[in-house]
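# A closer look at the structure
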Amino acid sequence: MTSPHTTSPLHLTPEQLQDPVAAYGELRTRPELPSVVLPGMRIPTLLVTRYAEVKAALTEPRLVRDPTTVPGLAEEVAAQGGDVQGELMDSGSAGLPPEYATYLSGHLGLFDGEDHARRRAPLTRAFTARRITALRPFVERHCARLLDDLAARRGSGADVDLLHDLAYPLATSVICELVGVDEEDRPRVREWIRDFAYGDGTRAVEGLTGIVEYVRALIGRRRAEPTGDLISALVADGGTLTEDEAISVVFLLIDTGITPPALFLAHAALALFDHPDQLARLRAEPELLATAVPELLRWVSLVRVGMSFYAREDFTFAGTALRRGASVTVGLLAANHDPREYGEGPERLDLARAFGRGDGHMAFGHGPHYCLGAALGRLVTGVFLDQVFVRRPATALAVDREALEFGHWPADGFHLLALPVVL
């Protein structure tokens, strides 16, 4: 068994990163983990592409997220070419005031073990199944109201963009309702998040500083006058988080609760437009929503690759001799299209695909960093699909498929910039 670190890394393009068949098919056949450079990056990482090994990596105690917590490990990482996750964080925080960049480094995905558990525990206790279930009537009413308004606007000749006119406002309202953002502040919060996470970068500083200062003030108000929202539950949970940690956690919830869900809903809609036979079947058999939601989560896999891990010691993983400090990244999209897990036709969208116990996919991750918002994501996706496609059978693309525009960010594939539709 030879070390892959001595071979030249494969420089992936955004097209390859989001191609589960042509790109990942060959990588999955390699006996060792391939060394790759993600799009727009310079530091290589070992990419895990097989489902079973992605799942194993996400619970492997010898792979850590934060190399600074293991004595000497950060130096080993640097000696092997640098910190790929640090490079990505640096690209995202370029130009940000240092006092605000700290809120990016407070991302729960960057911590391990007891520190991660301490930061996550108050959220887990506040993010209850009961609280999520209670949101369903709100999600249904709000989605219906947005669609009625858009249909009326379309009737007057105005275009409807399913991403920015429906998915973004819906995701914003849902996470803000859960967290406790006052209704009159939600449009402003949405714009801050879009400026920070989705725009061309020219207003990223304004977006981050605006949302951080708003969250700081909101936490202060909820401490003084608690309500029944998640922030009130979080700050009442006994002081396990510092002020900055609480701000980071709430900022993370709002940030990841808006842009990723909005983009996923748009890409799920596009997947149905691209597979008219499946869309017709969903409309004819609405009971397929129960399997359509997990299948679209699997097939789209909006987060194509997860955060990086670092080997805290020399050991063998996935047929590969890892050196201490080696960077390992999981390919979530690759795992979700692995024929070893899904049999023949994993590249085929099948809304009736039967899943076993659990999620049946890696779109929400696995293990201690499993997505806190998974249940909320499933709820919103089901309501969205029902109201946009089942209850509105005329919903269709308003432009030719080739006219759609896409953009991409470092270490990622392409994402829709807009999705014009007819309702």
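Further up the page is the structure itself.
The following paragraphs examine the structure supplied in this document. (Residues numbered from 1 in each chain as written. Predicted model: local features only at pLDDT ≥ 70, side-chain atom pairs only at ≥ 80, totals over all residues. Heavy atoms only, no water.)

### Things to note about the pattern of salt bridges
This structure, assessed with the given rule, holds 28 salt bridges. A salt bridge links Arg216 to Glu213; the shortest N-O distance between them is 3.2 Å. One end of the pair is Arg216 and the other is Glu213, both in helix H12 (residues 204-224) and three residues apart, which spans about a single turn. Residue Glu213 is classed as partly exposed on the basis of its relative accessible area, which comes to 32%. Here Arg298 and Glu295 are joined by a salt bridge, their closest N and O atoms 2.8 Å apart. In this pair, Arg298 and Glu295 are both assigned in helix H17 (residues 289-300), three residues apart and thus about one turn of the helix distant. With a relative accessible area of 0%, Arg298 lands in the buried category. Within the structure, one salt-bridge network assembled from shared partners comprises Asp115, Arg118, Arg119 and Glu245. (Salt bridge = Lys/Arg side-chain N within 4 Å of Asp/Glu carboxyl O. Helix = DSSP H or I, 4+ residues; strand = E, 2+ residues; numbered from the N terminus. Buried < 20%, exposed > 50% of the residue type's maximum accessible area, 1.4 Å probe, protein only.)

### Comments concerning the pairing of strand E6 (residues 305-311)
Burial of E6 is extensive: seven of the seven residues sit out of reach of the surface. Bridging between strand E4 (residues 63-64) and E6 involves two bridges; their strand directions are antiparallel. Paired with Leu63 across the bridge in E6 is Ala311. Across four bridges, E6 lies against strand E9 (residues 327-331) in antiparallel orientation. The residue bridging Ser308 from the neighbouring strand is Thr329, located in E9. (Pairing = 2+ DSSP bridges.)

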